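Chain residues, written in single-letter form:
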Amino acid sequence: MTPYKIFFNNRVTATSVVVTYNASTLDNVEIFNGRIKLQITTANARFLSSGNVALRAIETTMMGISTKYRLVAVTFTKPEVPAILSIPDYECFNKYVFDHGMTRGVLMVMNKNKKRIGVKVQSV
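Residues numbered from 1 in each chain as written. Predicted model: local features only at pLDDT ≥ 70, side-chain atom pairs only at ≥ 80, totals over all residues. Heavy atoms only, no water.

1. Overview of the nonpolar core
If you look at soluble globular proteins, the nonpolar side chains tend to sit buried side by side. How we decide: In these notes, a set of buried Ala, Val, Leu, Ile, Met, Phe, Trp, Tyr and Cys residues joined through side-chain atoms within 4.5 Å is what counts as a nonpolar core. Three exposure classes are used, based on accessible area relative to the maximum for each residue type with a 1.4 Å probe and protein chains only: buried under 20%, partly exposed in between, and exposed over 50%. The numbering of helices and of strands both runs from the N terminus, where a helix is a DSSP run of H or I of at least 4 residues and a strand a run of E of at least 2. Any two residues whose heavy atoms approach within 4.5 Å at even a single point are treated as in contact.
If you look at the biggest cluster of nonpolar residues, it comprises 32 residues, and the most contacted ones within it are Tyr-4, Ile-6, Phe-8, Ile-58, Leu-71, Phe-93 and Val-106. Looking at this core, the elements that each hand over two or more residues are β1 (2-12), β2 (16-25), β3 (30-39), α2 (52-64), β4 (69-76) and α3 (90-99). Per-element accounting of this core gives the leading share, 6 residues, to α2. In contact with Phe-8, not counting residues within four places along its chain, are Val-19, Thr-20, Tyr-21, Ala-54, Ala-57, Ile-58, Val-74, Thr-75, Phe-76 and Thr-77.

2. Here's the deal with the pairing of β3
The cut-off we apply is this: Two strands pair under a simple rule: DSSP has to find at least two bridges between them.
Pairing between β2 and β3: 9 bridges, direction antiparallel. Bridge pairing in β3 places Tyr-21 opposite Gly-34. The hairpin formed by β2 and β3 contains 4 residues between the paired strands, and Asn-28 there has a positive phi angle of roughly 65°.

3. Things to note about α2
To be explicit about the condition: Here, expected helix span is obtained from the residue count minus one, scaled by 1.5 Å.
In a regular helix each residue adds 1.5 Å, so 13 residues correspond to 18 Å; α2 covers 18 Å between its end C-alpha atoms and thus fits that length. Taken together, the buried positions of α2 are Val-53, Ala-54, Leu-55, Ala-57, Ile-58, Glu-59, Thr-61 and Met-62. Buried residues along α2 sit in contact with β1, β2, β3, α1 (45-49), β4 and α3.

Here it is as structure tokens:
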């Protein structure tokens, strides 16, 4: 198992929302990157404000890389305009991973006899 991390950066302009993300090993070897651009006038506002943009990008990353990799950390830049674009917190991320059968792609830990996701989710 090779641990990796994902770093998200976002930018909101008057006309668009751009989310870029980069997955790399803990020693910063890039393994996957992506970019999502949505026009504000045509984007689904609920999709942007729910944090699902990032969750779907994480899922795409997991599907696109070898199963020998395990996600251990996700870092988000704080949204410039939280009313338009928000980021998921740990509980939302945890629920999404279990609901979408993604546990094989994340580090799992035991917590009081219950399996939990051992992924650090933070914003900077």
